[in-house]
Amino acid sequence: MVSQKRLKGHGGKHQEEISKTAKYGGLFILVIMVLSIAGFALSMGGGQTSSQSSDNQNFPLTENAFQNPQTGETYWGAVVQGERFIFMNGVEGYDNFQNMVDLSTQIKSKSEQILTIKMGSNFTNVDAIYLIQEKLFPSLNIQTQMATINSTCNENTILFTNELIEDSTCMQFIAPQGEEANFADILVYHMIK
């Protein structure tokens, strides 16, 4: 057994010196760890601005471009001007829609002009309108404006409609009722491929 005298001899001053040394040593190691983490984050691109990183992330339409982290399922997609386009249902059969091929060609040929967006009386699908007007056109630098109530169609007007309108001078985005979002995906596909 250890005597009381010995136990008292090991306390006191020597223990304070160890505590100060451990304290300063621990702080020194903590500072080194923080600087290492910051340096690693900056070297891995953490110091880039959003404009730098979005320029590096643009890529053309690609199979397996995006993946669902929960299921592992992959999707077709592209990134244009930092805007993601993901085709959750794939793109099989999209090339068979000649009307969308023609519409995308017309729109691309007028990209230097401001296009007017006009809504057909029965066309109410906000997802299709958002995808095309708010996501696709800005990423392709196509300027748009909404039609006024009494405006007429011309060759710079895109009419969103559920049925073909004969003898119309405007470009027509025609999608059957209930299928508007799917047809918007098809147009996006042809615009970015």
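The preceding data block contains the structure.
Since the structure is predicted, the reported quantities are computational estimates derived from the model, not experimental observations.

Helices and strands together make up the secondary structure of the chain, namely six helices and seven strands. Helices and strands appear in the chain in the N-to-C order α-α-α-β-β-β-α-β-α-β-β-β-α. Relative to its full complement of 193 residues, the chain shows a buried share of 31%. Restricting to contacts in the chain with at least 6 residues of sequence separation, those with at least 24 account for 56%. By element, 53% of the accessible surface of the chain is carried by carbon and sulfur atoms, the whole surface being about 13200 Å².

The subject of this paragraph is the sheet that holds strand β6 (residues 157-161). Pairing is parallel across the open sheet formed by four strands, whose spatial order is β5-β4-β6-β7. At either margin of the open sheet sits one strand with a lone partner, and together these are β5 (144-146) and β7 (171-174). The mean angle between the axes of side-by-side strands here comes to 25°, regardless of whether they run parallel or antiparallel. Across four bridges, the pairing between β6 and β7 is parallel. Residue pairing across strands places F160 opposite F173, the latter belonging to β7.

What follows is about the packing of aromatic side chains. Under the criterion given, the structure shown has eight aromatic pairs. An angle of 75° between the planes, with centres 6.3 Å apart, marks the rings of F87 and Y94 as edge-to-face. Like F87, the residue Y94 is buried in the burial classification. Measuring from centroid to centroid gives 5.4 Å for Y94 and Y189, while their planes differ by 75°, and the two rings are edge-to-face. Remark: Y189 occurs in helix α6 (residues 180-192) and Y94 occurs in the loop between β3 (83-87) and α4 (98-109); sequence separation between them is 95 residues. An aromatic cluster of at least three residues, connected via ring pairs, comprises F87, Y94 and Y189.

The next point concerns the nonpolar core. The tendency in soluble globular proteins is for nonpolar side chains to be buried as a group. Core analysis: the largest hydrophobic core is formed by 33 residues, its most contacted members being F87, I107, F137, I158, F173 and I192. For this core, the elements supplying multiple residues, two or more each, are β2 (74-80), β3, α4, β4 (115-119), α5 (126-139), β6, β7 and α6. Counting residues per element, this core draws most heavily on α6, at eight residues. Excluding anything up to four places from it in sequence, F87 contacts L61, Y75, W76, G77, Y94, D185, V188, Y189 and I192.

Enumeration over the complete set of coordinates arrives at two salt bridges. In this structure, K135 engages E83 in a salt bridge whose closest nitrogen and oxygen atoms are separated by 3.7 Å. Here K135, found in helix α5, pairs with E83, found in strand β3; they are 52 residues apart in sequence, far enough to count as distant. Between D95 and K193 there is a salt bridge, with the nearest N and O atoms lying 2.8 Å from each other. A residue pair is termed long-range when its members are at least 10 positions apart, and D95 in the loop between β3 and α4 and K193 in the segment after α6 qualify at 98 residues. Residue classification places D95 among the partly exposed residues on the basis of a relative accessible area of 44%.

Together, Y24, L27, F28, I29, L30, I32, M33 and V34 make up an exposed nonpolar region whose accessible area comes to about 830 Å². Tracing the backbone shows Y24 in helix α2 (residues 13-46). Residue Y24 is classed as exposed on the basis of its relative accessible area, which comes to 57%.

What counts, and at which threshold
- Residues numbered from 1 in each chain as written.
- Predicted model: local features only at pLDDT ≥ 70, side-chain atom pairs only at ≥ 80, totals over all residues.
- Heavy atoms only, no water.
- Helix = DSSP H or I, 4+ residues; strand = E, 2+ residues; numbered from the N terminus.
- Buried < 20%, exposed > 50% of the residue type's maximum accessible area, 1.4 Å probe, protein only.
- Contact = heavy atoms within 4.5 Å.
- Areas by Shrake-Rupley, 256 points an atom, 1.4 Å probe, with all protein chains shown as cover.
- Pairing = 2+ DSSP bridges.
- Axes fitted to C-alpha atoms, helices over the stretch in contact; angles between N-to-C directions.
- Phe/Tyr/Trp six-rings, centres within 6.5 Å; stacked < 30°, edge-to-face > 60°.
- Core = buried A, V, L, I, M, F, W, Y, C linked by side-chain atoms within 4.5 Å.
- Salt bridge = Lys/Arg side-chain N within 4 Å of Asp/Glu carboxyl O.
- Patch = residues over 30% accessible without salt bridge, like charges linked within 9 Å, V, L, I, M, F, W, Y side chains within 5 Å.

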